[in-house]
Amino acid sequence: MIILASSSPRRIELLKTLYDDFRIIKPTFDESLISKDDKDLALKESYEKGKSILNPTYFNDLIISADTIVRLNNKVYGKPKDKNEAITFLKELSNNTHEVVTGYSLFFKGKVISKQVVTYVTFNYLNEEQIINYVNNEMVLDKAGAYAIQDDNKFHIIKEIKGSYNNVIGFPIEYIKEDIDKLINS
């Protein structure tokens, strides 16, 4: 059995592109236990999320966990607490290149693979009216950095991406699939 240690609709949707049948278990790890200044924050959070559901019952199952952050000039942008914070995030990201970092961890029969993937995203210049319109019309509170690349065809906030598109969604499925194959076949 495959277990996704996440309730993210975007991660669920991307995992469905690989597997028809998997179980979803929400991790119980408290993310506030890891310093937001930690350079491997996403990697450590993904590992702890997967570990939080690991028990002998699931030893023979493949557990997949992930965590995504947005980082600009060493400042971490997680999920905004409210619309005002989302507006602040988007103002700071406007006309800049930031990193989207996803850490993922795979647990299988006592073996673990943990990695992180970085994608560079450059925003167009966004004026206040564009930002407020975006925040009022999109679900931004459940997304690191207060934006979703999959909404971009409507709002055109992104100028360029360098790296994995799926990573910006929060689940670099192409890398995860490669590591799942390595883990299961080793």
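Everything numeric in this text was worked out from a predicted model, so none of it was measured. (Residues numbered from 1 in each chain as written. Predicted model: local features only at pLDDT ≥ 70, side-chain atom pairs only at ≥ 80, totals over all residues. Heavy atoms only, no water.)

Visitor: Could you clarify how one ought to interpret the overall build of the chain in this entry?
Guide: The helix and strand tally for the chain stands at 7 helices and 7 strands. Ordered by position from the N terminus, the helices and strands of the chain form the series β-α-β-α-β-β-α-β-β-α-α-β-α-α. Computed over C-alpha atoms, the radius of gyration of the chain comes to 17 Å, within 12% of the 16 Å expected from 2.2 N^0.38 for 186 residues, which places it in the range of a compact globule. Counting only contacts in the chain whose residues sit at least 6 apart along the sequence, the fraction spanning at least 24 positions is 65%. Within the structure as shown, the chain displays about 9,600 Å² of accessible surface, and the carbon and sulfur contribution to it stands at 49%. Positive and negative charge centroids in the chain, built from 25 and 27 side chains respectively, lie 2 Å apart. (Helix = DSSP H or I, 4+ residues; strand = E, 2+ residues; numbered from the N terminus. Rg over C-alpha atoms; globule rule 2.2 N^0.38 Å. Contact = heavy atoms within 4.5 Å. Areas by Shrake-Rupley, 256 points an atom, 1.4 Å probe, with all protein chains shown as cover. Lys, Arg positive; Asp, Glu negative; His and termini not counted. Charge placed at Lys NZ, Arg CZ, Asp CG, Glu CD.)

Visitor: I would appreciate a short explanation of the pattern of salt bridges in the present structure.
Guide: Oppositely charged side chains can pair when the atoms bearing their charge come close. Taken as a whole and judged by the stated rule, the model has 13 salt bridges. A salt bridge links Lys177 to Asp181, with the nearest nitrogen and oxygen atoms 2.7 Å apart. Separated by 4 residues within a single helix, Lys177 and Asp181 lie in helix 7 (residues 173–185), roughly one turn from each other. Taking relative accessible area as the criterion, Lys177 reaches 28% and is therefore assigned partly exposed. Relative accessible area serves as the criterion here: at 32%, Asp181 is assigned to the partly exposed category. Each of Lys115, Glu178, Asp179 and Lys182 takes part in salt bridges that share partners, so that together they form one network. (Salt bridge = Lys/Arg side-chain N within 4 Å of Asp/Glu carboxyl O. Buried < 20%, exposed > 50% of the residue type's maximum accessible area, 1.4 Å probe, protein only.)

Purely geometric stuff here, so don't read any function into it on its own.
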